[in-house]
Amino acid sequence: MIAIPPIAADRLPALLRAMPKAELHMHIEGSLEPELIFALAQRNGVALPYASVDALRQAYAFTNLQSFLDIYYAGASVLLKEQDFYDMAWAYLLRAQADHVLHTEMFFDPQTHTARGVSMATVVNGLHRACMDARTQLGVSASLILCFLRHLSEEEAFETLEQALPHRDQFIGVGLDSSEVGHPPEKFARVFARCRELGFHLVAHAGEEGPPAYVWTALDLLKVERIDHGVQSTRDPALMRRLAQDRIPLTVCPLSNLKLCVFPSLSEHNLGALLDAGLAATVNSDDPAYFGGYLNENFTQTFAATGLGAQHAYQLARNSFEAAFVDAGARRAWLDQVDACFAAAA
Ligand code: ADE
Ligand code: ZN
């Protein structure tokens with residue numbers, strides 16, 4: 001840790017863009033831009049219920065999580081071949097490199113694809129090949145986290161895990177996403193216990209729209225290492241103390257929360273409150289093609305709206321690497337790069 005002197009407000013956006021960072025909460029299917037959806041639809045002969053790229057983009061007016069998920073799953077229907085998954089991931093990884101993302105952990109939703117007859121191998125091999133190429137060609141470290149869809153059954157999650165096990169060296173962890181309310185973490189306690197035995201890292205979406213109780217059960221029953229979103233935690237002081245004491249990372253996604261009406265405006269977002277309460281919050285893009293911005297947009301728009309400063313930026317950059325599932329040597333090297341960046345900006 002280094003002391004950060006105040007930095008003039010007009011220099012902050014450039015610092016936010018340039019600082020080294022990790023992205024820990026990004027659904028790769030949520031990086032599918034409308035242009036790529038149309039290109040893949042044409043390549044694969046898939047009919048879309050939208051006449052044009054503009055018509056599709058105009059449908060991106062969400063009122064809550066479910067209104068988004070309906071369109072997000074429809075968009076993913078153009079993905080059929082291994083190369084489609086590669087091309088989608090590669091497009092995101094180029095954006096990540098441009099945003100000075102040194103490390104990214106990308107969520108993928110295999111059940112969205114296997115339900116359409118696409119094999120697990122097609123999905124994982126395409127995504128994993130893009131991760132390998134990002135390392136060698138872009139200098140971006142990238143790994144994969146398999147998410148179970150919580151609106152589906154425990155049995156279907158177990159089947160998905162079975163299908164994924166031949167690929168166990170190609171992903172580092174498992175997560176839980178999709179429609180939160182009515183599908184509490186405990187529904188998947190046995191699946192997560194099995195994944196824990198298998199040595200996977202564990203994360204879960206909790207407290208995005210759902211209550212603080214879901215964050216408690218994600219921690220205590222699923223035994224997750226990070227909470228995805230978790231912004232509802234501020235409603236429960238005892239939970240806030242637990243998250244701060246145990247330094248449980250929260251992967252917060254401000255533009256997602258804005259677009260899905262979790263907060264009425266960005267200026268009312270509680271990122272600053274989470275940080276000031278000593279929580280290990282991070283900033284992430286969630287589904288950047290749908291929510292109006294990649295990682296640097298999330299940083300610059302949130303800082304502009306909430307008045308957060310250089311000390312918060314430094315903390316967020318550090319938190320992102322502290323919370324990453326990487327070895328101690330890589331973490332140390334990246335934290336040193338964060339320190340060097342802020343020392344040079346002072
Ligand atoms: N899948 C993609 N984005 C999601 C989100 N924000 N919450 C839950 N599931 C998701
Ligand atoms: Zn998410």
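The notes below deal with the structure included here. Everything numeric here is computed off the predicted structure, so don't read it as measured data. (Residues numbered from 1 in each chain as written. Chains lettered and ligands numbered in written order. Predicted model: local features only at pLDDT ≥ 70, side-chain atom pairs only at ≥ 80, totals over all residues. Heavy atoms only, no water.)

### Some thoughts on the coordination of the zinc ion (ligand 2)
Binding of the zinc ion (ligand 2) to the protein goes through His25 (NE2), His27 (NE2), His205 (NE2) and Asp286 (OD), at separations of 2.0 to 2.2 Å. Classification of the site at the zinc ion (ligand 2) as irregular follows from its four donor atoms and the range of 84 to 175 degrees in their angles at the metal. Counting residues between consecutive donors of the zinc ion (ligand 2) along the chain gives the motif H-x1-H-x177-H-x80-D. Remark: Asp286 occurs in the loop between β8 (280-283) and α14 (288-291) and His205 occurs in strand β5 (residues 201-206); sequence separation between them is 81 residues. The residues His205 and Asp286 share a single accessibility class, namely buried. (Donors = N, O, S within 2.8 Å, 3.2 Å for Na, K, Ca; no water. Tetrahedral: all angles 85-135°; square planar, octahedral: opposite > 155°, others 65-115°. Helix = DSSP H or I, 4+ residues; strand = E, 2+ residues; numbered from the N terminus. Buried < 20%, exposed > 50% of the residue type's maximum accessible area, 1.4 Å probe, protein only.)

### Structural notes on the packing of aromatic side chains
For the structure on display, the rule yields 16 aromatic pairs. Between Phe68 and Tyr72, the aromatic rings sit 5.0 Å apart at their centres with planes inclined by 40 degrees, giving tilted as the arrangement. Within this pair, Phe68 and its partner Tyr72 are both found in helix α4 (residues 65-75), separated by four residues, close to a single helical turn. The exposure classification of Phe68 matches that of Tyr72, with both residues buried. Between Phe299 and Phe303 the ring centres are 6.4 Å apart and the planes differ by 45 degrees, which places this aromatic pair in the tilted class. Note that Phe299 and Phe303 are positioned in helix α15 (residues 295-306) at a spacing of four residues, about one turn of the helix. Summarising the burial analysis for this pair, Phe299 and Phe303 share the class buried. (Phe/Tyr/Trp six-rings, centres within 6.5 Å; stacked < 30°, edge-to-face > 60°.)

### Let's talk about the nonpolar core
Residues Leu93, Met106, Phe148 and Tyr290 are the most contacted members of the largest nonpolar core, which totals 115 residues. If near-sequence neighbours (up to four positions away) are discounted, Leu93 is found in contact with Thr104, Met106, Ala130, Cys131, Ala134, Leu138, Val140 and Ala142. Grouped together as the second largest cluster of nonpolar side chains are five residues, Phe107, Cys147, Val203 and Phe325 included. (Core = buried A, V, L, I, M, F, W, Y, C linked by side-chain atoms within 4.5 Å. Contact = heavy atoms within 4.5 Å.)

### A short note on the pairing of strand β6 (residues 226-229)
Where β5 lies against β6, four bridges are found, and the strand directions are parallel. Directly across from Val203, in β6, lies its bridge partner Arg226. What joins β5 to β6 is helix α10 (residues 212-220), and the crossover it makes is right-handed. Bridging between β6 and strand β7 (residues 249-252) involves two bridges; their strand directions are parallel. What sits directly across from Asp228, in β7, is Thr251. Crossover β6 to β7 through helix α11 (residues 237-245) is right-handed. (Pairing = 2+ DSSP bridges. Right-handed = clockwise from strand over helix to strand, strands pointing away.)

### A closer look at empty space enclosed by the protein
For the structure shown, the criterion picks out two cavities of 30 Å³ or more. When its volume is computed, the largest cavity comes out at roughly 100 Å³. Along its surface, the largest cavity is lined by His27, Leu65, Phe68, Leu69, Tyr72, Asp177, Ser178, His205, Glu208, His229, Asp286 and Asp287. A per-element tally of the lining of the largest cavity places α4 first, with four residues. (1 Å grid on protein atoms, 1.4 Å probe; cavity = no way out; pocket = protein on both sides within 12 Å on 5 of 7 lines; lining within 4 Å. Points joined across faces, edges and corners; volume = space filled by probe spheres on them.)

### Let's talk about the packing of helix α8 (residues 154-164) against helix α9 (residues 189-197)
Between two packed helices, both the angle of their axes relative to each other and the distance between the axes serve to describe the pair. α9 packs onto α8 with a crossing angle of 20 degrees between their chain directions and a minimal axis gap of 9 Å. Judged by the angle between their axes, α8 and α9 are roughly parallel. Residues Glu154, Ala157, Phe158 and Leu161 of α8 lie in contact with α9, whose contacting residues are Arg190, Val191, Arg194 and Cys195. Its residues placed into classes, the contact of α8 with α9 shows five nonpolar, no polar and three charged. (Axes fitted to C-alpha atoms, helices over the stretch in contact; angles between N-to-C directions. Parallel < 35°, antiparallel > 145°, perpendicular 65-115°, else oblique. Nonpolar A, V, L, I, M, F, W, Y, C, P; charged D, E, K, R; others polar.)

### Here's the deal with the packing of α10 against α11
α11 packs onto α10 with a crossing angle of 35 degrees between their chain directions and a minimal axis gap of 10 Å. Judged by the twist between their axes, the crossing of α10 over α11 is left-handed. Of the residues in α11, those touching α10 at Pro212, Val215, Trp216, Leu219 and Asp220 are Ala238, Leu239, Arg242 and Leu243. Split into classes, the residues belonging to the contact of α10 with α11 amount to seven nonpolar, no polar and two charged. (Left-handed = near helix turned anticlockwise from the far one by under 90°.)

### Some thoughts on the site of ligand 1
Taken together, His27, Leu65, Phe68, Leu69, Tyr72, Asp177, Ser178, His205, Glu208, His229, Asp286 and Asp287 make up all the residues around ligand 1. The backbone of Ser178 places a nitrogen or oxygen atom 2.8 Å from a nitrogen atom of ligand 1. Note that a nitrogen atom of ligand 1 is positioned 2.7 Å from one of the side-chain N or O atoms of Asp286. In the complex, 100% of the free accessible area of ligand 1, which totals 260 Å², lies under the protein chains. More than half of the atoms of ligand 1 fall within 2 Å of the grid points belonging to the largest cavity. When residues of the shell around ligand 1 are assigned to their parent elements, the largest contribution, four residues, is made by α4. (Near = heavy atom within 4 Å. Polar contact = N/O pair within 3.5 Å; in protein donor to acceptor, adjacent residues only side chain to side chain. Areas by Shrake-Rupley, 256 points an atom, 1.4 Å probe, with all protein chains shown as cover. Sits in = over half its atoms within 2 Å of the grid points.)

### Thoughts on the side chain of Ser31
The residue Ser31 is located in the loop between β1 (21-27) and α2 (34-44) in this model. For Ser31, a relative accessible area of 3% translates into the label buried. Within the structure, the side chain of Ser31 is placed 2.7 Å from the backbone oxygen of Ile28, a separation counted as a polar contact. When residues no more than four places from it in sequence are discounted, the contact partners of Ser31 are Met26, Met88, Tyr92, Pro288, Ala289 and Tyr294.

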